[in-house]
Amino acid sequence: MAKYLLLKHYRGAPAPVNDVPMDQWTPEEVSAHVQYMRDFAARLEGTGEFVDGQALSPEGTFVRYDGEGRPPVTDGPFAETKDLIAGWMVIDVETYERAVELAGELSAAPGAGGKPIHEWLEVRPFYAEQPTATE
Amino acid sequence: MNESLLRELVPAVIGVLVRRGADFAAAEDAVQDALVEAVRGWPDDAPRDPKGWLVTVAWRKFLDAVRADTSRRRREELVEAEPLPNPVEAVDDTLQLYFLCAHPSLTPASAVALTLRAVGGLTTRQIAQAYLVPEATMAQRISRAKRTVSGVRFDQPGDVATVLRVLYLVFNEGYSGDVDLSAEAIRLTRQLAAKTNHEEVAGLLALMLLHHARRPARTGPDGRLVPLAEQDRSLWNSQLISEGVEILQTALARDRLGEFQAQAAIAALHADAQTAEETDWVQIVEWYDELVRLTDSPVARLNRAVAVGEADGPRAGLAALAKLDPTLPRHAAVAAYLHERDGDPVTAARLYVQAARSAPNLPERDHLTRQAARLNAQLRS
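Residues numbered from 1 in each chain as written. Chains lettered and ligands numbered in written order. Predicted model: local features only at pLDDT ≥ 70, side-chain atom pairs only at ≥ 80, totals over all residues.

S.K.: Explain the overall build of chain A to me, using residue names and the numbers behind them.
M.R.: Scanning chain A for helices and strands turns up 2 helices and 6 strands. When the helices and strands of chain A are listed from N to C terminus, the series reads β-α-β-β-β-β-α-β. The globule rule puts the C-alpha radius of gyration for 135 residues at 14 Å, and the 18 Å found for chain A is more than 25% above it. Summarising its shape, the C-alpha atoms of chain A cover approximately 55 × 55 × 25 Å along the three principal directions. (Helix = DSSP H or I, 4+ residues; strand = E, 2+ residues; numbered from the N terminus. Rg over C-alpha atoms; globule rule 2.2 N^0.38 Å.)

S.K.: Quick one: what's the story with the overall build of chain B, residue by residue and with numbers?
M.R.: If you tally the helices and strands in chain B, you get 19 helices and 2 strands. The principal-axis extent of the C-alpha atoms belonging to chain B is close to 80 × 45 × 40 Å. A buried classification covers 42% of the 381 residues belonging to chain B. Taking all contacts inside chain B whose residues are at least 6 apart in sequence as the whole, residues at least 24 apart take part in 61%. (Buried ≥ 20, exposed ≤ 12 C-beta atoms within 10 Å, placed from the backbone. Contact = placed C-beta atoms within 7 Å.)

S.K.: For the environment of G223 of chain B, give the residues involved together with the corresponding values.
M.R.: You can see G223 of chain B is positioned in the loop between α11 (199-218) and α12 (238-252). Taking the C-beta count within 10 Å as the criterion, G223 of chain B has 13 such neighbours and is therefore assigned partly exposed. Between the C-alpha atom of G223 of chain B and that of G158 of chain B, which follows or precedes it by 65 residues, the distance is 40 Å. In this structure, G223 of chain B is in contact with R38 of chain A together with P363 of chain B, ignoring residues within four places of it in sequence.

S.K.: So what about unusual backbone geometry? Which residues, and what values?
M.R.: Residues apart from glycine generally show negative phi values, whereas peptide bonds are mostly found in trans. Residues and elements named next belong to chain B. Here L132, not a glycine, exhibits a phi torsion of approximately 55 degrees, which is positive. Tracing the backbone through its elements, the reader meets L132 in the loop between α7 (124-130) and α8 (135-148). A positive phi angle, near 60 degrees, is found at D255, a position not held by glycine. With respect to the helices and strands, D255 occurs in the loop between α12 and α13 (259-272).

S.K.: Tell me about the nonpolar core, and name the residues and values.
M.R.: Of all hydrophobic cores here, the largest spans 114 residues; its most connected members are V13, L17, V31, A58, A206, L210 and Y352 of chain B. Ranked by residues supplied to this core, first place goes to α11 of chain B with 10 residues. For V13 of chain B, the contacting residues outside a window of four places in its chain are V31, K51, L54, V55 and A58 of chain B. In terms of nonpolar packing, the next biggest core, distinct from the first, is built from 11 residues, Y4, M89, V93 and L121 of chain A among them. (Core = buried A, V, L, I, M, F, W, Y, C linked by C-beta atoms within 7 Å.)

S.K.: Now, about the interface of chain A and chain B: what can you tell me, with residues and values included?
M.R.: Each partner contributes residues to the interface: chain A has 14 residues there, and chain B has 15 residues. Per element, the largest residue contribution to the side of chain A that touches chain B is 6 residues, and it comes from helix α1 (residues 27-47) of chain A. Within the side of chain A that touches chain B, the residues separate by chemical class into 7 nonpolar, 4 polar and 3 charged. (Nonpolar A, V, L, I, M, F, W, Y, C, P; charged D, E, K, R; others polar.)

S.K.: Residue-level account of the packing of α11 of chain B against α13 of chain B, with values.
M.R.: Residues and elements named next belong to chain B. For the pair α11 and α13, the least separation of the axes is 8 Å and the interaxial angle reads 30 degrees. Judged on the interaxial angle alone, α13 and α11 are roughly parallel. Along this stretch, α11 crosses α13, giving a crossing that reads as left-handed. On α13, the residues that touch E199, E200, G203, L204, A206, L207, L210, H211 and A213 of α11 are F260, Q261, Q263, A264, A267, A268 and A271. Looking at the contact of α11 with α13 residue by residue, the classes come out as 10 nonpolar, 4 polar and 2 charged. (Axes fitted to C-alpha atoms, helices over the stretch in contact; angles between N-to-C directions. Parallel < 35°, antiparallel > 145°, perpendicular 65-115°, else oblique. Left-handed = near helix turned anticlockwise from the far one by under 90°.)

S.K.: Can you break down the domain arrangement of chain B residue by residue, with the values?
M.R.: Domain boundaries in chain B define domain 1 (3-80), domain 2 (93-196), domain 3 (197-270), domain 4 (280-328) and domain 5 (331-381). Centre-to-centre, using C-alpha coordinates, domain 3 of chain B lies 27 Å away from domain 5 of chain B. (Domains from an automatic or database assignment.)

S.K.: So what's going on with the confidence of the model for chain A? Residues and values would help.
M.R.: Chain-level pLDDT for chain A is 91 on average; 97% of the residues reach the 70-or-more range. Ranking the elements of chain A by mean pLDDT puts strand β4 (residues 73-75) of chain A last with 90 and helix α2 (residues 96-107) of chain A first with 97. (pLDDT = per-residue confidence, 0-100.)

S.K.: Any details on α8 of chain B? Residues and values, ideally.
M.R.: Residue and element names in this part refer to chain B. Compared with the 20 Å implied by 1.5 Å per residue over 14 residues, the 20 Å span of α8 between its first and last C-alpha is a close match. Looking only at α8, the buried set comprises M138, R141, I142, A145 and K146. In an axial view of α8, the angular spread of the buried residues amounts to 135 degrees, which keeps them on one side of the axis. Across α8 from its buried face, at more than 90 degrees, point the exposed residues A136, T137 and R147. Buried residues along α8 sit in contact with α2 (24-41), α6 (108-119) and α7. (Expected span 1.5 Å × (residues − 1). Arc of directions from axis to C-beta.)

S.K.: So what's going on with the sheet that holds strand β1 (residues 2-11) of chain A? Residues and values would help.
M.R.: Residues and elements named next belong to chain A. Reading across the sheet, the 4 strands line up as β2-β5-β1-β6 and stay open at both edges, with antiparallel pairing between neighbours. Because the sheet does not close on itself, it has two edges, and the strands there are β2 (50-55) and β6 (122-125). Pairwise comparison of adjacent strand axes, ignoring direction, gives a mean angle of 20 degrees for this sheet. Where β1 and strand β5 (residues 84-93) come together, 9 bridges link them in antiparallel fashion. Among the inter-strand pairings, K8 is bridged to a residue of β5, identified as G87. Across the face of the sheet, α2 comes into contact with β1, β5 and β6 while running at roughly 135 degrees to β5. (Pairing = 2+ DSSP bridges.)

S.K.: Give me the lowdown on helix α10 (residues 181-195) of chain B, citing residues and values where you can.
M.R.: Between its first and last C-alpha atoms α10 of chain B spans 21 Å; for 15 residues at 1.5 Å apiece the expected length is 21 Å, and the two agree. Within α10 of chain B, the full set of buried residues consists of L181, E184, A185, I186, L188, T189 and L192 of chain B.

S.K.: Can you explain the confidence of the model for chain B? Please cite residues and give values.
M.R.: All names here are of chain B. With 92% of its residues at a pLDDT of 70 or more, chain B shows a mean pLDDT of 90. Scored below 50 in pLDDT, residues 84-88 makes 8 contacts in the model with residues more than four places away or belonging to other chains. Per the prediction output, this complex has pTM 0.87; the corresponding ipTM is 0.86.

Below, the structure is given as structure tokens:
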């Protein structure tokens, strides 16, 4: 088994096919989308492939060390930040192909007009554990 | 043997060990070990005297731990002090445990974890699952908490107010994993109410019961949030409501108002309305005035602005809102609601989008997004 991160972006990914902001959908379309995401996670729990899923608020801050004895510097949120992560799902699957297949299904979540959003999701492999047997 | 009955025994068993000379941290560890053994073994083979069993096993665990300890002198002292086998005294130390676990030197998260383990009798694993952290993390949080209170004398009286804050935190956590923290908070508050005669304990218990009564109506079958005005009131648990109201009335009759009684009074007024339209908003505003006077809390002021909007119209609500800090959590959501009632869907839709962006949780975010979507759809048509 190998773990993959399916990463969803508020901003920073290429534009989806069905690119309409959520507040311009109908309330029923919003509900259908939320339901699809819940069902997807529940199904992966059922197949034993779900590890974790989290959603992030878009409001974030950049922080850095500012030297001995000083409080950290904070900055942001930046309206112009190119990359803004919306959330992730961690899956544990047999193959890379399976990870891509699942990301494709997640990307088909319905959006405006009840049609799939076709949004771009990033699939990132976790570094594996070092194997015990090395030869 | 059901598990909640088992858990009810935990604080008393810790008390027995402490009175026999174990310090609190070691006693609590030993009882936790015994508890884990009981959870594993009792379903097949429950003892006739559960408390006696727990005391015996926990005391053995405690002695094992002491023997494993490097201090030879301490071991000898304790083995000498080992009591005669009539172990179960009638004294109840549960109340002292509440105080200790909510000690002001603890951070809220530590106090919550320690209370759930030592008073609630939950295992570290269950607490970790409920708070979505790894078990090792929760174990560390608990052992650090115990080190923090290690110098506190077990028989010192504590402050009920700190205990109530901890229980309220537990209640608000809701439920995830296999433990229903709201139900657990109610159980612990009931137990506390039975051991104290304090009107705010009663107030908090009433508040919890009244909120818990509405829980079946608060989320739709698809997990979506259903706002109070749209809830199917036939789903409210009328038994919990009448119990909550009765407890509240008895507390209020003592004429020593506190913040939990005031909040419970507001919840009771909502529970009393057969339909959302019948809600007595004028009285609710009066109770919010009391709550603001008692707590000076910005959250209470924000909720008061909503109530004013219902009692005196949206303009009055917006005027009350204008006096508050716009960075308050949920400020934009309240503003959106009042602007819509005031007949300004354009501003309301914009504010709902803004509110969704800063929502503290997903159900609220989805709800606010749906509100914006609803208004935008209206504006398009």
